[in-house]
Amino acid sequence: MFHPNIILLVLLTAIKVCLVQVSNYNPYSLYLQTSMVAETTVQTNKNCFCVPYWQCKEDFVGLVDDGADIMDIRVYEEETQEDESEECTGDFDVCCQVQCGKLGSISNSSLIGDTLAYRIVSDGANPSNAANFGEFPWMLGLLQNRAYKCGASLIHPKVAITAAHCVAQGGVFKVRAGEFDWANQQEPLPHQDRLTQKIIIHPHYHPPSLSNDIALLILNQEFKLTENIGVVCLPPQAPKGSQPTIDKACIASGWGKNSYQNGAYQTTLKKVELPVVPQQQCLHSLRTARLGPHFQLHPSFMCAGGKHNKDTCKGDGGSPLVCPVDDSNEHFEQVGIVSWGLTCGLRNTPGVYVNVAMFIDWIDKQLISLNLDTFIYKL
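Conventions and cut-offs
Residues numbered from 1 in each chain as written. Predicted model: local features only at pLDDT ≥ 70, side-chain atom pairs only at ≥ 80, totals over all residues. Heavy atoms only, no water. Disulfide = S-S within 2.5 Å. Helix = DSSP H or I, 4+ residues; strand = E, 2+ residues; numbered from the N terminus. Buried < 20%, exposed > 50% of the residue type's maximum accessible area, 1.4 Å probe, protein only. Pairing = 2+ DSSP bridges. Axes fitted to C-alpha atoms, helices over the stretch in contact; angles between N-to-C directions. Contact = heavy atoms within 4.5 Å. Core = buried A, V, L, I, M, F, W, Y, C linked by side-chain atoms within 4.5 Å.

Take the state of the cysteines next. One pass over the full model with this rule turns up 4 disulfides. Two residues, Cys 150 and Cys 166, share a disulfide whose sulfurs are 2.1 Å apart. Note on the Cys 150 and Cys 166 pair: the S-S dihedral is about -80°, so by sign convention the disulfide is left-handed. Remark: Cys 166 occurs in helix H3 (residues 164-167) and Cys 150 occurs in strand E5 (residues 147-156); sequence separation between them is 16 residues. For Cys 150, a relative accessible area of 7% gives the class buried. For Cys 166, a relative accessible area of 1% corresponds to the buried category. Covalent S-S linkage joins Cys 282 and Cys 303, the inter-sulfur distance amounting to 2.0 Å. Judged by the torsion about the S-S bond (-65°), the Cys 282/Cys 303 disulfide is left-handed. With Cys 282 in helix H4 (residues 279-291) and Cys 303 in strand E13 (residues 301-305), this residue pair connects regions lying 21 residues apart in the sequence. By the burial criterion, Cys 282 is buried, and Cys 303 matches it.

As C-alpha cells, this is what we get:
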C-alpha cells in the first residue's frame, strides 16, 4: 500500500500539470495580430500574470470580477517559451492574460464594509460628471516637485503615454496610478507611485503648434495590476492623414479645472462624455471662433466636444479620451490625448486632442526596442 501522503502529492502534481497545460492554451491565438518593425521578430501574446486558478476566468483571459489583489505581471520572452510553465510556482497558479480597456467594477461595500462606506459626492451643478472609484483604472496623474501637473494613461505596466507638452521641460516625474481623490487618504484600495526612468518625446513634436504632441514615459518599475490599476487598449494604426469616424459617445477623464476663468482644479476624478467631431467641422469651428480663415489643423490632431459646459480644461492635458470598441461597452480604447483648446466648455468650439491612432507604429517600435510586449494594449 502507498502511504496516503504520497498519493496526495501525486494528485496535487497531476492537477498542477493539467492547469499549466490548460493555461498555456490560448483560445484566441488564431486571431491575435502580429507586429513586425524593421528586422525584429514577430511577437506572440504571452502577457499574463500568475494567480490561483479560482481568481481567473474559465477561458484564462482576465480576472474574475471580485478578485482584488493579483501578483506582478510576467512578460514572457520568446527564447524562454519552453520554460514558461515554471514561471508560476504555486501549486494552483495559472497564467491569466491581461485584458486592456476594461472599466472598473469595484463594489465599495464589498471592499470596505458598511462601517466605512465610501461615497462619491459630486458638485451639485453636474452630478453626472463624477467618476466612480476605479472606473478608469488606466488613469494616471503626473507630479513634479510634489505638485500635480498633467494626466496620463497606462498602456503597459511599465509604460505610460501623455502629451509631450507636459514633459518637454524634462526632469523626473512621479507617476501615480489608482488615485481617485487626492485629498482623501482612506480610499478603498491604495494608489501606487513610480518614477520616470526615461521620457521619449516624439521626434517631430513641434512646441509652437503642439503638433505630434505625444510622449512615452518609461517607468523605473512596473505597476502591480489590481482592480483600480489596469491598462487601456490602443486602436490599430491608422492610414496617414485619416481621422477617426466614431458615432458613439466617448469619455474624457481628469482632475483639471471645472471652468476656464474662475474654475478650480478637482481633487476627485471627473469624467465627461464627448462626441468626436469630424476634422473639417472642427477646422471651421476653430477658424470661426478665433483662429481666422488661414488656420490649418495639423493631421496629428483630432477633435471632440463642442457642447456647452461639457469639455476638458486646464490641467487635463495628457489625459485620455477613450471610446467603446463595440456596442457592448466591454472594452475601451484610447483614441485621443488632451492637447489644447480655446476656451473650455464653449458651444461649437471643440477641444483638440492627439490622434493616437496615427502613432501606434511609433509606439510599437519604442516598446519593442526596450524588449517590452506590445500585445498587452491590443485587442
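Neither face of strand E6 (residues 159-162) is exposed, since Val 159 and Ile 161 on one face and Ala 160 and Thr 162 on the opposite face are all buried. As judged from the 3 bridges shared by E5 and E6, these two strands associate in the antiparallel manner. By the bridge assignment for E6, His 156 is matched with Val 159. Remark: 2 residues form the turn of the hairpin made by E5 and E6, two consecutive strands paired antiparallel. Two elements, E6 and strand E9 (residues 215-219), share 4 bridges in a ladder whose sense is antiparallel. Paired with Thr 162 across the two strands is Ala 215, which belongs to E9.

Further remarks concern the sheet that holds E9. Spatially, E4-E5-E6-E9-E8-E7 is the arrangement adopted by the 6 strands of the closed barrel, whose pairing is antiparallel. The average undirected angle you get between the axes of adjacent strands in this sheet is 45°. In terms of strand pairing, strand E4 (residues 139-144) meets strand E7 (residues 174-177) through 4 bridges, oriented antiparallel. Across the sheet, Leu 142 pairs through a bridge with Val 175, a residue of E7. Sheet strands in contact with helix H5 (residues 360-369) are E5, E6, strand E8 (192-201) and E9, and its direction is about 25° off that of E9.

Before going further, it helps to examine the pairing of strand E10 (residues 250-254). Consecutive side chains of a regular strand alternate in pointing toward one face of the sheet and then the other. Within E10, 5 of the 5 residues are buried, leaving the element largely enclosed by the surrounding structure. Neither face of E10 is open: one carries Cys 250, Ala 252 and Gly 254, the other Ile 251 and Ser 253, and all of them are buried. Pairing analysis gives 5 bridges linking E10 to strand E11 (residues 270-274), with the strands arranged antiparallel. The residue bridging Cys 250 from the neighbouring strand is Leu 274, located in E11.

Grouped together as the largest cluster of nonpolar side chains are 70 residues, with contacts concentrated most on Leu 140, Ile 155, Leu 216, Phe 223, Leu 234, Leu 297 and Ile 363. It is E9 that contributes the most residues to this core, 5 residues altogether. Every residue in contact with Leu 297, bar those within four places of it in the chain, is listed here: Gln 279, Cys 282, Leu 283, Leu 286, Cys 303, Trp 340 and Val 352. If you look at the next biggest cluster of nonpolar residues, it comprises 12 residues, including Cys 250, Val 276, Leu 321 and Val 338.

When you line up the elements, Gly 256 lands in the loop between E10 and E11. With a relative accessible area of 5%, Gly 256 lands in the buried category. Placed 60 residues apart in sequence, Gly 256 and Asp 316 show a C-alpha to C-alpha distance of 4.5 Å.

The strand order across the open sheet built from 7 strands is E11-E10-E14-E15-E16-E13-E12, with neighbouring strands paired in antiparallel fashion. Strands at the two margins of the open sheet, each flanked by one partner only, are E11 and strand E12 (276-277). As paired elements, strand E14 (residues 320-324) and strand E15 (residues 332-340) share 5 bridges and run antiparallel to each other. Looking at the pairing, Pro 324 lines up with Phe 332 of E15. The sheet strands contacting H4 are E12, E13, E15 and strand E16 (350-355), and the helix crosses E16 at an angle near 130°.

Turning to its location among the elements, Gln 279 is positioned in helix H4. Ignoring sequence-local partners within four residues, the contact set of Gln 279 consists of Gln 243, Leu 297, His 298, Pro 299, Phe 301 and Met 302.

Most of H5 sits inside the fold, with 7 of its 10 residues counted as buried. Within H5 the residues assigned to the buried category are Ile 360, Trp 362, Ile 363, Asp 364, Gln 366, Leu 367 and Ile 368. Looking at the buried positions of H5, the neighbouring elements they touch are E5, E6, E8 and E9. Positive phi appears at Asn 371, one or two residues downstream of H5, with a value of about 60°.

Turning next to the environment of Leu 367. You can see Leu 367 is positioned in helix H5. Here Leu 367 falls in the buried class, since its relative accessible area comes to 0%. Along the chain, Leu 367 and Lys 158 lie 209 residues apart, while their C-alpha atoms are 9.9 Å from each other. In this structure, Leu 367 is in contact with His 156, Val 159, Leu 216, Leu 372, Asp 373, Thr 374 and Tyr 377, ignoring residues within four places of it in sequence.

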